[in-house]
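Residues per chain, in single letters:
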Amino acid sequence: MSKIVKYVGLDVHKDSITIAIADEGRDGNVRVYGKINNDMGQIDQVMRKLISTNGELRCVYEAGPCGYPIYRHLTRQGIDCVVVAPALIPRKAGDRVKNDRRDATNLATLHRSGELTSVYVPDETDEALRDLVRTRKDITIALRKAKQQINAFVLRQGFSYPGKSKWSKAHLNWLKELKMPHPAQQIAITEYLDAMENHEARVKRLEKAIVASCQTWRLLPVVDAPQALRGICMVSAVTLVAELGDLTRFDKPTQLMAYMGLVPSEHSSGPTVKRGPITKTGNTHVRRTLIESAQAYRLPARKSITIRKRQDGLPEDVCEIAWNAQLRLCHRYRRLMARGKSHNLVVTAIARELAGFIWAIARIVPMAT
């Protein structure tokens, strides 16, 4: 007797999971199974009961703050499960009613019709590195905010730094020697400076932890290869690999560019072609990292001592791609700026093409298994 395929939609929350089931077939029955606690034991009970009715289960739930424990738990038991991107779930324009039962039913129905887009789920080690990289990013944001607060506080008290570059050693000495008009304000500037130094120390600790963790990571060769490119340092490379995973899963570089949200949006009809800003879909962390790296191509192409050290020991093909990237992207930056394009638009265009070169390098140094 052949098994009946059952599409199981899971609307997952912190404390509860609402389950809906859609039987296979265009006219298959769709029903709400019920609500359970977000507990692996209760999930197992439901799955065993559905399997006992001669069912072949295909589960689905949205990516969200609860992460991937349910996905990993089900796949370890041989149950098919996918995690889908919430932003890419089709929604009816006139549908104004939303609740857990409807969400679960909608997931099961759309999964049955094949209209959902799954996301890449990293394994536990890859996710651990990703969390470490994201923690560093959060601390760098806090550091930048602390510096902004110091600048605003000092300016509000009527002080202006006479030097050229801020946050140099001379600037920091100038800040520490400032005498505020009131003792309370002196305490305030001291606390601001201590907070900034604390954030700087945390960033350095996290960078050391990232480097140390990568030494035993199975993807270390894949992290080393993109560093042949200008603007891609160790932290940037770890961010790219930890966030994107297996780059060879993209058949074309344009797919990788679209995944990063670096392709232009479009609203065309008939003979009218209208393109707008980039879509900004997909992974925000990778897109920001790549745009920061693209800033390096505003300078003339050259192989610095740092780049030569990073390229030491890498395959010749990788180094050749990196040099071709420099020649093309540096020239493209100057050409676009000469045409009067804005700096942000030009850097975004460079970042989009840089993603293509990263894809090409990933094909030479394939993802380890």
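In case you missed it, the structure is sitting above this.
This write-up is about the structure you can find in this document. Worth saying up front: this structure is predicted, and the values here are computed from it rather than measured.

Calculation rules
- Sequence order as written defines residue numbering, which begins from 1 separately in each chain.
- It should be noted that, the model being predicted, local features are given only for residues of pLDDT at least 70 and side-chain atom pairs only at 80 or more, the latter also being counted only at that level, while totals for whole chains, interfaces and linings use all residues.
- The basis for every side-chain value is the complete set of heavy atoms in the structure, and neither hydrogens nor water enter the calculation.
- Put simply, DSSP H or I for four residues or longer makes a helix, DSSP E for two residues or longer makes a strand, and each gets a number counted from the N terminus.
- A 1.4 Å probe rolled over the protein chains alone gives each residue an accessible area, and that area as a share of the maximum for its type sets the label: buried under 20%, exposed over 50%, partly exposed in between.
- It only takes one pair of heavy atoms within 4.5 Å for two residues to be counted as in contact.
- Here the Shrake-Rupley method, with its probe set to 1.4 Å, supplies the accessible areas, and only the displayed protein chains count as covering residues.
- Counting rule applied: Lys, Arg positive; Asp, Glu negative; His and chain ends not counted.
- Where a charge lies is defined by one atom per residue type: Lys uses NZ, Arg uses CZ, Asp uses CG and Glu uses CD.
- Between N-to-C directions, angles cover 0 to 180 degrees, with each direction set by a line fitted to C-alpha atoms, over the stretch in contact for helices.
- Any angle between 65 and 115 degrees counts as roughly perpendicular, while under 35 counts as roughly parallel, over 145 as roughly antiparallel, and the rest as oblique.
- Remark: nonpolar core denotes a set of buried residues (Ala, Val, Leu, Ile, Met, Phe, Trp, Tyr, Cys) joined through side-chain atoms within 4.5 Å.
- Two strands pair if DSSP finds at least two bridges between them.

Examining the overall build of the protein chain
Then comes step 1: Along the protein chain, the regular secondary structure elements total 13 helices and 7 strands.
Then comes step 2: A principal-axis box enclosing the C-alpha atoms of the protein chain has dimensions of 80 × 55 × 50 Å.
Then comes step 3: A buried classification covers 41% of the 369 residues belonging to the protein chain.
Then comes step 4: Contacts in the protein chain between residues far apart in sequence, at least 24 positions, make up 62% of those at least 6 positions apart.
Then comes step 5: Split by element, the accessible area of the protein chain, about 20,600 Å² in all, is 51% carbon and sulfur.
Then comes step 6: Here the protein chain contributes 58 positive and 37 negative side-chain charges, whose respective centroids are spaced 8 Å apart.

Describing the packing of helix 10 (residues 284-294) against helix 13 (residues 343-364)
Then comes step 1: Remark: helix 10 packs on helix 13, axes separated minimally by 8 Å, with the N-to-C direction vectors making an angle of 105°. When the axes of helix 10 and helix 13 are compared, the pair comes out roughly perpendicular. Of the residues in helix 13, those touching helix 10 at Leu290, Ile291, Ser293 and Ala294 are Val347, Thr348, Ile350, Ala351, Leu354, Ala355 and Ile358.

Things to note about helix 8 (residues 234-244)
Then comes step 1: When you tally the buried positions in helix 8, you get 11 out of 11 residues, the bulk of the element.
Then comes step 2: Listed as buried for helix 8 are Met234, Val235, Ser236, Ala237, Val238, Thr239, Leu240, Val241, Ala242, Glu243 and Leu244.
Then comes step 3: If you follow the buried residues of helix 8, they end up packed against helix 4 (124-156), helix 6 (183-214), helix 7 (220-224), helix 9 (253-259), helix 10 and helix 13.
Then comes step 4: Of the residues trailing helix 8, glycine 245 is marked for its positive phi of about 75°.

Here's the deal with the side chain of glutamine 227
Then comes step 1: As for its position among the elements, glutamine 227 is in the loop between helix 7 and helix 8.
Then comes step 2: Residues within four places of glutamine 227 in sequence aside, it is in contact with Ile232, Cys233, Met234, Ala237 and Arg310.

Some words on the nonpolar core
Then comes step 1: Core analysis: the biggest nonpolar cluster contains 58 residues, and Trp217, Leu229, Val238 and Leu290 have the highest contact counts within it.
Then comes step 2: Going through the elements one at a time, helix 4, helix 6, helix 7, helix 8, helix 9, helix 10, helix 12 (316-338) and helix 13 are the ones with two or more residues in this core.
Then comes step 3: It is helix 13 that provides the largest number of residues to this core, a total of 12 residues.
Then comes step 4: Once residues lying within four places of it in the same chain are set aside, the contact partners of leucine 229 are Tyr297, Arg310, Ala322, Ala325, Leu354, Phe357, Ile358 and Ile361.

Considerations on the pairing of strand 2 (residues 16-23)
Then comes step 1: Of all 8 residues in strand 2, 8 are buried, a share of seventy percent or more.
Then comes step 2: Pairing of strand 1 (residues 4-12) with strand 2 involves 7 bridges; the strand directions are antiparallel. By the bridge assignment, tyrosine 7 is partnered in strand 2 with alanine 22.
Then comes step 3: Linking strand 1 back to strand 2 in an antiparallel pair, the connection comprises 3 residues.
Then comes step 4: As paired strands, strand 2 and strand 3 (residues 30-37) are joined by 7 bridges and run antiparallel to one another.

By themselves, these figures tell us nothing about what the structure is for.
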